[in-house]
Amino acid sequence: MAKKTSLILTSIFLSLCLFVPIGFSDVEEIVSKSDVPVMSARNTLRVNRVSSPTISPDAQWIIYTKSERDMNSEEMERTTHVWRVKVDGSSRRQMTRGSQSCTSPSWFPDEEKIAFLSSQEKTGKSDNNSKRQIFFMYVDGGEAWQVTEHQESIHSYQISPDGQKILFIAKDPLSKEEKEERKKKEDEEVVDEEFRMSHLWVYDLNEKKEYRLTEGRFTVSDGRWGPDSQYIAYEVRPNPKNDESWNSDIWVANIKTKQSRKLYENPGRDINPRWSPDGKKIAFASDPHTGTNTWYNNLYIIPSRGGETRVLLEEFDLDFTTPIWSSDGENIYWSTGDRTTSNLFSVDVSSGKVREMNPPIGGNYQWDLSSNGKRWVWSHSSADWPGELYTASLNFQSKVRLSDANPWLRKEKIKRGKVKVIRWKNSDGQTIEGILTLPVDYDPQKKYPLILNPHGGPSSARIQSFSSTNQFFAGNGFMVFQPNFRGSSNYGQKFLNSNRNYWGIRDYDDCMTGVDYCIDQGWADPEKLICYGWSYGGYMSYWIVTQTDRFQAVSPGAGLPNLYSMYSTTDITHYLAWFFGTPWENGEKYEKHSPIRYVKQVQTPVLIMHGAQDRRVPQEQAVEFYQALRDLGKEVTFVRYPREGHGIREPRHHLDRLRRYIFFFSEHAGVEPVSEEREKKKR
């Protein structure tokens, strides 16, 4: 393929961190059309979020957080504040204000005060920098006040059941010598030998002082008070490396003696310890396999003073997550992915009988059960609407929506594409599911450009919940197809593990047979096929563009085309090794499943995107594939986002990515963007 103008222009600007937008001159910029009632790129940033719902001890009030973005500010900053609402949905009002976010609200047992985390002032004692601390506020109003002055930012906290103490977790502070060394830039690092660990601290509200509870060459997380306010259960792992997240054990600390003991260990992960209401037992999630999340957790119950564990759910073929005890201790609830929804289950602790609770279809998260065990509050997102907070009885009667986070969608009559679940047969005769988002104003008599969007993970799955990105494409006339290919997480252990040693083979077949199904149904135009994905979806995009020329444009994001070099540079080496072993022992596997091996077969225009500071999939992965395409004279553009890690966080980078997508896809599918347009800059 001959080199095109865009390829030559790309090479001119190779030294820049961010390239000039595709096809744009230096006097043009892209803006969203304000008069088009669809999900524009700018509108995707306007979606507000509600989170952290917590029921008051008397089950009459709920506090939560709402996160909003200031679209009129230069940086489009997002700020989070605490709100409260009655369980009937009335008396909703904002409780905290200001330019600094307030997060993680909690009730005191007497219901007179709440606590939350913020850095509203110059807090702490380290380098005169603002640190996230614990604040209090009276429920009936008034100013919040700062309680802790810890040297480092507080990561998480929990109020003791008796309301006299606060447990919190924070990183170890830098020593005076370390601070001086950093000032002098004597900051060399011995890899895997120098870590900043996180530890447990307790703040005594009567004495108004803090003391340390744990110390040593390990890091802790998820500390939880026992009901007697005397013991704390928590997770311990060797260090904060991501690759050690699957190597954790459960410990218990006595706050009087400040002594800790290991309660349970195995070679894999032991997480989410939760005390029974009577304090006699601790339930937790556990998986004996180390180095990977491709095995489901099971529910373990152990006496809080130690002893034999009991394993429930051995016949339950989905994941177990965080245990939620019923008020009488007879049942445990948990939420997990179940095909294309997020379901809630319960298990009878005595009999082991499992029951589906069947909350609304979609994304259901952040469950909180009232202390009397009669009321749920949680976050629910349907396919048609962003997440809102709901409350309902234990069996989901009398459901009430508590929040109204995005009224602008309704007021501005923003059109959205309908979403449905589709099923097809792969080449092995298995039924595969996927999510299909239809274009806005879909006409069944027409065929539409189709975007294939493989998910990340690969141990993940698409569910029927709101996606502003999918709605952005739907508003611009595209159909978005998201297959739950083999290796996805919501279909049983065998299905989850079925892509081991089969990357780019079984998942590729499931994707391609799904695309064929969409074409055969008369939905998709076979001459207007697009593919893009991020992370493992980026891997699949690299793989697809090397295996077929049926797509008109492909955009890999944060993908991994060279598994051999990926192994030694990613921060989850053990996870990759679970699929293929090590490269020096199984080099042929790493070569066989690496898209870069087949780079000479690429015939399709490629748009590569990657974060410059990505540690999960280092940016060199993108550089390798880009350079190979350059050397081969292929049509390619590479966009590197400064300061970004494995995901895109900065608002302007988010806008840039979506707008590049839509112009790249539209150009090669032969359609015109609906929501975005080029506009001359004023000189």
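Residues numbered from 1 in each chain as written. Predicted model: local features only at pLDDT ≥ 70, side-chain atom pairs only at ≥ 80, totals over all residues. Heavy atoms only, no water.

Asks: Would you mind going over the sheet that holds strand S31 (residues 431–437) with me for this structure?
Replies: Note: strands within a sheet are paired through backbone hydrogen bonds, in either parallel or antiparallel orientation. The eight strands lie next to each other as S30-S31-S33-S32-S34-S35-S36-S37, forming an open sheet whose pairing is mixed. Looking at the sheet topology across the chains shown, the edges are occupied by strand S30 (419–425) and strand S37 (636–641). Geometrically, the sheet is characterised by an average inter-axis angle of 25 degrees between neighbouring strands, direction not taken into account. One ladder, built from three bridges, connects strand S32 (residues 448–452) with strand S33 (residues 479–484); its direction is parallel. Along S33, the bridge assignment pairs Ile 451 with Val 480. Strands S32, strand S34 (524–534), strand S35 (553–557) and strand S36 (606–611) of the sheet are contacted by helix H8 (residues 536–547), whose axis makes an angle of about 135 degrees with S34. (Pairing = 2+ DSSP bridges. Helix = DSSP H or I, 4+ residues; strand = E, 2+ residues; numbered from the N terminus. Axes fitted to C-alpha atoms, helices over the stretch in contact; angles between N-to-C directions. Contact = heavy atoms within 4.5 Å.)

Asks: Looking at this structure, I do not really get the pairing of strand S27 (residues 375–381). What am I missing?
Replies: Consecutive side chains along a regular strand alternate between the two faces of the sheet. Taking burial as the measure, the seven residues of S27 include six buried ones, the bulk of the element. One ladder, built from five bridges, connects strand S26 (residues 363–369) with S27; its direction is antiparallel. Bridge pairing in S27 links Gly 363 to Ser 381. Count of turn residues in the S26/S27 antiparallel hairpin: five residues, of which Gly 373 carries a positive phi of about 75 degrees. In terms of strand pairing, S27 meets strand S28 (residues 388–393) through six bridges, oriented antiparallel. When the sheet's bridge partners are listed, Ser 379 is paired in S28 with Leu 389. In this structure, the hairpin formed by S27 and S28 is closed by a connection of six residues. (Buried < 20%, exposed > 50% of the residue type's maximum accessible area, 1.4 Å probe, protein only.)

Asks: How do you make sense of unusual backbone geometry when you look at a structure like this?
Replies: Both trends apply: most residues other than glycine have a negative phi, and most peptide bonds are in trans. With omega at 5 degrees, the peptide bond leading from Gly 457 into Pro 458 counts as cis. One non-glycine residue, Asn 358, lies in positive phi territory at about 55 degrees. Its place among the elements puts Asn 358 in the loop between strand S25 (354–356) and S26. For Ala 558, which is not glycine, the phi torsion reads 50 degrees and is therefore positive. Structurally, Ala 558 can be placed in the loop between S35 and helix H9 (563–567). Using a relative accessible area of 1% as the deciding quantity, one classes Ala 558 as buried.

Asks: Even after reading the chapter, I still don't get helix H5 (residues 468–475), so can you show me in this structure?
Replies: It helps to recall that an α-helix has 3.6 residues per turn; residues three or four apart then point in one direction. Most of H5 is tucked away: seven of the eight residues are buried. Considered for burial, the residues of H5 that qualify are Ser 468, Asn 470, Gln 471, Phe 472, Phe 473, Ala 474 and Gly 475. Looking one or two places after H5, you find Gly 477, whose phi comes out positive at around 90 degrees.

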